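Given next are the chains, with one letter for each unit.
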Amino acid sequence: MKTTINFSTCSCDIDRYETAGELNAFLDEFGIDGIELSCQWQFDESRIPTNRVIGIHMRAFANWMDFYLGNTDALVREFDNRPNWEKFYGGSDKNALIRQFKCDLEAAERYNAEYLVFHVANETIEEGFTGEYSYTDEQVADCAAELLNELFSNYKGSAALLLENLWMPGLTMRAPVITERLLNSIEYENKGIMLDTGHLMHTDISIDTQEQGVKLINEMLDIHGELTKHIRGVHLHQSATGAYMRKLYGSATELKPTYEERTMQMYLNAFAIDRHEPFTCAGVKALVERIAPQYLTFELMSESREQHKKLLSEQFDALR
């Protein structure tokens, strides 16, 4: 099993280290093999230890289905106007999405990464506050498979494609029939699942404790049976935020009038739900051992190198 930490090229992550050597030393302190890298915008590549990039987390568009399907009315509701969505997606039609994702495939080849992670989910800003969705699991899974088949049709690399679960329509890991449907629909052979433990907890808004989360994840493994062999990676973290989600979905949230303001609301809401904290309760060690993933990513949110070190120490203590 190879271990990684999540790491992005955003200033909040990359500016913690002046050199690649500093990040190498941080990884070595914990005996971590490498990083799962999310490439965003332009960045100083000299601060990335290129030989330690094990995975590439592909860019994620929370709401991409309307753009991919050309649903202009829905795009106007979400973005206010065409210039906003063309800037967001990098173009005027679905080929813009393909071009964006190809950058991630190129990064995987450049760093000789072993796997790529792709979010199979769709959610508008409004849906994130209501929990009521316009697309079904089947629709999102089928559309994602279509996009990925086109994207990987000319891919000459060898990185595994690992599909990540979320709590909105798509791959939630609560319905084995959807998991199997998605895997069978993707033509790229080197594929599997990146199980996100925190995201799975958010599929049940009654979850208030880590212990309830462990129980839910084990129940998911039980009902998936032989399909669990496709789980090749784990994003390990927890967010027992059921109380927040019950309050959120039980009351109406007034959305701001402009796309920019609504986007800020969306980010604040997403971080309140998905806190990416250490998974430390009894049963976590046995859970990881049961799954026995090829890749284990400590996917934690932190505000500084010092805080990150503290959170990693808590997680490692729970796995000993």
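Please refer to the structure higher up on the page.
Rules used throughout
All chains use their own residue numbering, which begins from 1 and follows the written sequence. In keeping with the predicted nature of the model, local features appear solely for residues at pLDDT of at least 70, side-chain atom pairs appear and are counted solely at 80 or more, and the whole-chain, interface and lining totals rest on all residues. Excluded from the side-chain calculations are hydrogens and water; all other atoms, namely the structure's heavy atoms, are used. To qualify as a nonpolar core, a set must consist of buried Ala, Val, Leu, Ile, Met, Phe, Trp, Tyr and Cys residues joined through side-chain atoms within 4.5 Å. Residue exposure (1.4 Å probe, protein chains only): buried if accessible area is under 20% of the type maximum, exposed if over 50%, otherwise partly exposed. Starting at the N terminus, helices and strands are each numbered in turn, a helix being any DSSP run of H or I of at least four residues and a strand any DSSP run of E of at least two. Contacts: residue pairs with any heavy atoms within 4.5 Å of one another. Angles shown run from 0 to 180 degrees and are taken between the N-to-C directions of axes, each axis being a line fitted to C-alpha atoms and, for helices, limited to the stretch in contact. Oblique is the label for any angle not covered by the other classes, which are roughly parallel (under 35 degrees), roughly antiparallel (over 145) and roughly perpendicular (65 to 115). Three residue categories are used. Nonpolar comprises Ala, Val, Leu, Ile, Met, Phe, Trp, Tyr, Cys and Pro, charged comprises Asp, Glu, Lys and Arg, and polar comprises the others, including Gly. What makes a salt bridge here is a side-chain nitrogen of Lys or Arg within 4 Å of a carboxyl oxygen of Asp or Glu, nothing more. A 3.5 Å cut-off defines polar contacts: any pair of N or O atoms within that distance qualifies, except that in protein one atom must be a possible hydrogen donor and the other a possible acceptor, and neighbouring residues in sequence count only when both atoms are side-chain atoms.

Peer 1: Quick question: what am I supposed to make of the nonpolar core here?
Peer 2: Ranked by size, the top nonpolar core spans 94 residues in total, and within it Ile56 and Trp64 carry the most contacts. Of the residues forming this core, the biggest block, nine residues, is contributed by helix H8 (residues 137-152). When residues no more than four places from it in sequence are discounted, the contact partners of Ile56 are Leu37, Cys39, Asp104, Ala107, Ala108, Tyr111, Ala113, Tyr115, Leu116 and Val117. Ranked by size, the runner-up nonpolar core spans seven residues in total, among them Ile54, Tyr115, Ala160 and Met194.

Peer 1: Can you walk me through the packing of helix H12 (residues 242-250) against helix H13 (residues 259-273) in this structure?
Peer 2: Each pair of packed helices can be described by the angle between their axes along with the distance between the axes. Running from N to C, H12 and H13 cross one another at 140°; their axes reach a closest spacing of 9 Å. One element, H12, and the other, H13, form an angle in the oblique class. Across from Tyr244, Met245 and Leu248 in H12, the residues of H13 making contact are Asn269, Ala272 and Ile273. Broken down by class, the residue content of the contact of H12 with H13 amounts to five nonpolar, one polar and no charged.

Peer 1: I tried to follow the pattern of salt bridges on my own but got confused; where do I start?
Peer 2: Applying the stated criterion across every chain yields a total of 18 salt bridges. Between Arg82 and Glu86 there is a salt bridge, with its nearest N and O atoms 3.5 Å apart. Of the two residues, Arg82 and Glu86 both sit in helix H5 (residues 82-89), four residues apart, roughly one turn of that helix. Assessed through its relative accessible area of 40%, Arg82 is described here as partly exposed.

Peer 1: What should I look at first to understand the environment of Glu254 in this one?
Peer 2: Mapped onto the fold, Glu254 is located in the loop between H12 and H13. Looking at Glu254, the relative accessible area reads 71%, which means it is exposed.

Peer 1: Looking at this structure, how should I read the side chain of Arg47?
Peer 2: With respect to the element layout, Arg47 can be found in the loop between strand S2 (34-38) and strand S3 (53-57). Judged by relative accessible area, Arg47 falls into the buried class, the value being 17%. In terms of polar contacts, Arg47 uses its side chain to reach the backbone carbonyl oxygen of Ile14, at 3.3 Å. In this structure the side chain of Arg47 is engaged in a polar contact, spanning 3.2 Å, whose partner is the side chain of Asp15. Apart from the residues within four sequence positions on either side, Arg47 is in contact with Ile14, Asp15, Tyr17, Glu18, Thr19, Ala20 and Leu23.

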